[in-house]
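Examining the three-dimensional arrangement
Each chain is listed here by its residues.
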Amino acid sequence: FQGFTPQHNWGALFGLKLPTGIHKLTGTSKDNTALGPVAIDRGLQPGTGTTDLILGFYYTEAMNKNWDYLSEGIYQTALNSSDRYKPGDGFNLNLGLRYVGIESVIPQIQLNSRFVQHDTGANADTLSTGGTLVYLSPGLVIPTGSRAEIYTFVQVPIYQYLQGVQLVPMWTGSFGARYVF
């Protein structure tokens, strides 16, 4: 919702993540004492099995005729547990700066941070979950019409504090398109 001001420059976000992803995958253990398939860690599954509430806000403002900035905060929490597993609550904070003085391309830079609590429950790895991740994300937005644009960003970690042993990417790339109805 963005109707709080006439400029529509700030708004509220609301969403639900539904329990649609698979969360009961198994694999073959390299441990000779584990016979047959073994459950893959719940934090590494495509889904969590939980319904999550997502709440957030965003704000954007022009600094002058060529520069503007954005901020966004998003909180995500599981409303239930599934098979004795509940993912940790997470909070994302994103800050960005963009140059709008060129019509054909809009360069941007963002600081993206994520703070996550430990997963909980009997089937959770409570020691190797949770932490703080901070990324620097340069990117470009290219207008392709009055209502459409394409974008690309590269996300590079600048700070990582993780609990236990966790998998994190060395960098992340994204590419997409937006159309305003």
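Look a little higher up for the structure.
What counts and what doesn't
- Residues numbered from 1 in each chain as written.
- Predicted model: local features only at pLDDT ≥ 70, side-chain atom pairs only at ≥ 80, totals over all residues.
- Heavy atoms only, no water.
- Helix = DSSP H or I, 4+ residues; strand = E, 2+ residues; numbered from the N terminus.
- Rg over C-alpha atoms; globule rule 2.2 N^0.38 Å.
- Patch = residues over 30% accessible without salt bridge, like charges linked within 9 Å, V, L, I, M, F, W, Y side chains within 5 Å.
- Areas by Shrake-Rupley, 256 points an atom, 1.4 Å probe, with all protein chains shown as cover.
- Salt bridge = Lys/Arg side-chain N within 4 Å of Asp/Glu carboxyl O.
- Buried < 20%, exposed > 50% of the residue type's maximum accessible area, 1.4 Å probe, protein only.
- Pairing = 2+ DSSP bridges.
- Axes fitted to C-alpha atoms, helices over the stretch in contact; angles between N-to-C directions.
- Contact = heavy atoms within 4.5 Å.

Let us now look at the overall build of the chain. A tally of regular secondary structure across the chain gives zero helices and 10 strands. Overall, the chain shows an N-to-C arrangement of helices and strands of β-β-β-β-β-β-β-β-β-β. Taking 181 residues into account, the globule formula puts the C-alpha radius of gyration at 16 Å, and the chain, at 20 Å, lies well above it. Taken along its principal axes, the extent of the C-alpha atoms in the chain is 65 × 30 × 30 Å.

On the surface, Met-63, Trp-67, Tyr-69, Leu-95, Leu-97, Ile-109, Leu-111, Leu-136, Ile-158, Tyr-159 and Tyr-161 cluster together into a nonpolar patch covering about 980 Å² of accessible area. With three residues, strand 9 (residues 148-162) is the largest single contributor of residues to the nonpolar patch. Mapped onto the fold, Leu-97 is located in strand 6 (residues 90-99). Owing to a relative accessible area of 32%, Leu-97 belongs among the partly exposed residues under this scheme.

What follows concerns the sheet that holds strand 6. If you trace the eight strands from one edge of the open sheet to the other, you get 1-4-5-6-7-8-9-10, paired in antiparallel fashion. Two strands bound the open sheet, and with one partner strand each, they are strand 1 (10-17) and strand 10 (172-179). Between one strand axis and the next, the sheet turns through 20 degrees on average, direction left out of account. Of the pairings in the sheet, the one linking strand 1 to strand 4 (residues 52-62) comprises eight bridges and is antiparallel in character. In the strand pairing of strand 4, Phe-14 is matched with Leu-55.

This part is about the environment of Ile-22. Structurally, Ile-22 is set in the loop between strand 1 and strand 2 (26-28). Sequence separation between Ile-22 and Phe-115 is 93 residues; the distance between their C-alpha atoms is 24 Å. Setting aside its immediate chain neighbours within four residues, Ile-22 contacts Gln-45, Pro-46 and Gly-47.

Everything listed here is a matter of geometry and, on its own, says nothing about what the molecule does.
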